[in-house]
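Overview (structure and organization)
One letter stands for each residue in the lines below.
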Amino acid sequence: MTHISTKAFSLRQRLLWWMAVPLLAFVLLDAWASYHAALATAQKAFDRLLVTAAHSLGDMIRLERGELQVSLPHAALELYAGDVRPDLRAQPGRSPLLYRVGFLNGEFLAGDASLRPYADLPPVDTAYAARLQFYDSQVDGAPARFVALWQPVESAEGMRYVVVQVGEFSAYRYAMGQSILWDTLLRQGSLLVLLLVTLWGVATVALRPLRQLARTVAQRRPEDVDRLQAEGTPQEVQPLLQAFNGLLERMHQAQQRQQRFVGDASHQLRTPLAVLQLHAEAGLHGDVPAQEALRSIHATTQRTGRMVHQLLMWNRMHADAAARAQPDALVDLHATLQAVAVELSPLLARKQLDFGLEAPETVAQWRGAPWMVEEVLKNLLTNAIEHTPVHGALGMRLQAQAQQGRAGWLLQVWDRGPGLAPAVAQALFTPFVSGGGQGVGLGLAICRDLAQACGGDLTVANAVAPETGVRASLWLPRADGTLP
């Protein structure tokens, strides 16, 4: 049963979020900017209307019967008002103007006497070529926008100056800005929804090749490790497809190695089992003495046990790939050599071999999985003991040695045996190759793979004349990386 992780995310939904959030932020920012731009435009437009209304109102000031009067025609009564109803203050285009006309000393002349008079001298506004000043004020607790215009008029006393104040409530300006804001939000929000729906459809179509690829993989048989075809897949998926095909290729190679190894191992195990059966039958039937049959069975059992141990080590080496990828143990190589020699000392004593161990006094350290180095050394030393004649000499040595510019340690196992047969020396690390009556079995193939997994190298060769025997050398990098 296939389980889908709860942490999995939808690429289409993530794409929509990544598009929706910036677009929504852009819509809000654009709406805010449009709102303030509309307010600024409305402010300028309505300020110009206030100036026009103030000039028009100033032109209506007449000297009648010796006094200044503001005569409003009937058509202007709806435009100017002394009191504006609250229900008209927020209706754009329908809010009458507030006005007050007074002298420079604040004396009231016409309009709404409750309005606060403008007491200062308005500055010269070059844009309108007149003395005027825009300002904000409060009328009945509501914000209002005013313009104060300095207007000369002819009076009975001669030329006098009055201040014409014209204003309107700001509520309808803000109402107009809010109307523009909501229209902008509605229009851009609709566009955003339409864009996201379109993007959802485009993402659905764009991801269709991935679903087809998933169905193709799901329909494959477990033993099918052929490469997936790249035709029809998006260019962005090509790296993933290439990596998956690379994985299939490695799986195919591993499958072939496993099948070849199982075939070789089964063939090698079949022979000792058949030999055990023959020895047992010969002993039971009395064809050979019982002691001789038991000795033969014991020897065959030892060889078979060693082969089984090597098979287990081979499986452990491949199963422990994650541990080898991140080694964190600091290994004392001198202590490792001593431990291996002590473990195999019964074999050395049985053949009464002359064993020697050479190592420097300095600390030799390597960083990695300790069992790997131990297995290599035990296998090499076991081979040396097996091929060294009784009372012969063999040994182990440790020395500092650089290789290809890298600092490292050389661990060597040597013996004075007959050496490698030519047939064996040509295919030394091939599993189950034998020659000259004796085989190298699986051990050296495992040792080479373990050496490579440790970041080192393994070489096995005959000694240089006039010496005899075999020299097996394992090179490992130093833990500190310094040159010796």
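Everything discussed here concerns the structure shown above.
First, a word on what this report is: a plain description of the structure on this page. (Residues numbered from 1 in each chain as written. Predicted model: local features only at pLDDT ≥ 70, side-chain atom pairs only at ≥ 80, totals over all residues. Heavy atoms only, no water.)

A separate point is the overall build of the chain. Helix and strand counts for the chain come out as 11 helices and 18 strands. A total of 484 residues make up the chain; the buried ones form 37% of that total. Restricting to contacts in the chain with at least 6 residues of sequence separation, those with at least 24 account for 61%. Summed over its atoms, the accessible surface of the chain is roughly 28,700 Å², and 58% of this surface lies on carbon and sulfur atoms. (Helix = DSSP H or I, 4+ residues; strand = E, 2+ residues; numbered from the N terminus. Buried < 20%, exposed > 50% of the residue type's maximum accessible area, 1.4 Å probe, protein only. Contact = heavy atoms within 4.5 Å. Areas by Shrake-Rupley, 256 points an atom, 1.4 Å probe, with all protein chains shown as cover.)

A few words now on the nonpolar core. Among the nonpolar cores identified, the biggest contains 40 residues, and Leu-333, Val-373, Leu-381, Leu-411, Leu-458, Val-460 and Leu-476 are the most heavily contacted of them. With 9 residues, helix 9 (residues 370-387) is the single largest residue contributor to this core. Of all hydrophobic cores here, the second largest spans 23 residues; its members include Leu-50, Ala-54, Leu-109 and Ala-130. (Core = buried A, V, L, I, M, F, W, Y, C linked by side-chain atoms within 4.5 Å.)

Turning to a nonpolar patch on the surface, a few remarks are in order. A cluster of nonpolar side chains, contributed by Trp-17, Trp-18 and Val-21, occupies part of the molecular surface with about 420 Å² of accessible area. Here Val-21 shows up in helix 1 (residues 11-59). The class of Val-21 is partly exposed, set by a relative accessible area of 47%. (Patch = residues over 30% accessible without salt bridge, like charges linked within 9 Å, V, L, I, M, F, W, Y side chains within 5 Å. Salt bridge = Lys/Arg side-chain N within 4 Å of Asp/Glu carboxyl O.)

This paragraph deals with the packing of aromatic side chains. A complete count under the given rule lists 4 aromatic pairs for this structure. With a centroid separation of 5.7 Å and 15° between ring planes, the pair formed by Tyr-135 and Phe-146 is classed as stacked. Within this pair, whereas Tyr-135 is found in strand 7 (residues 130-139), its partner Phe-146 is found in strand 8 (residues 142-155), the two being separated by 11 residues in sequence. Summarising the burial analysis for this pair, Tyr-135 and Phe-146 share the class buried. An aromatic cluster of at least three residues, connected via ring pairs, comprises Tyr-118, Tyr-135 and Phe-146. Its guanidinium or amino end placed over the ring of Phe-103, Arg-160 lies 4.0 Å from that ring's centre, counting from NZ or CZ. (Phe/Tyr/Trp six-rings, centres within 6.5 Å; stacked < 30°, edge-to-face > 60°. Lys NZ or Arg CZ within 6 Å of the ring centre and 35° of its normal.)

Time to look at the side chain of Thr-388. The topology assignment puts Thr-388 in the loop between helix 9 and strand 13 (393-400). By relative accessible area, Thr-388 is classed as buried at 1%. A polar contact of 2.5 Å, which involves the side chain of Thr-388, links it to the backbone oxygen of Ala-384. (Polar contact = N/O pair within 3.5 Å; in protein donor to acceptor, adjacent residues only side chain to side chain.)

Attention now moves to the packing of helix 7 (residues 333-343) against helix 9. Direction vectors running N to C along helix 7 and helix 9 enclose 45°, while the axes themselves pass 10 Å from each other. By the angle between their directions, the pair helix 7 and helix 9 is classed as oblique. Seen from above, helix 7 lies across helix 9 with right-handed handedness. Mapping the contact onto sequence places Leu-333, Thr-336, Leu-337, Val-340, Ala-341 and Glu-343 in helix 7 and Val-373, Glu-374, Leu-377, Lys-378 and Leu-381 in helix 9. For the contact of helix 7 with helix 9, a count of residues per class yields 7 nonpolar, 1 polar and 3 charged. (Axes fitted to C-alpha atoms, helices over the stretch in contact; angles between N-to-C directions. Parallel < 35°, antiparallel > 145°, perpendicular 65-115°, else oblique. Left-handed = near helix turned anticlockwise from the far one by under 90°. Nonpolar A, V, L, I, M, F, W, Y, C, P; charged D, E, K, R; others polar.)

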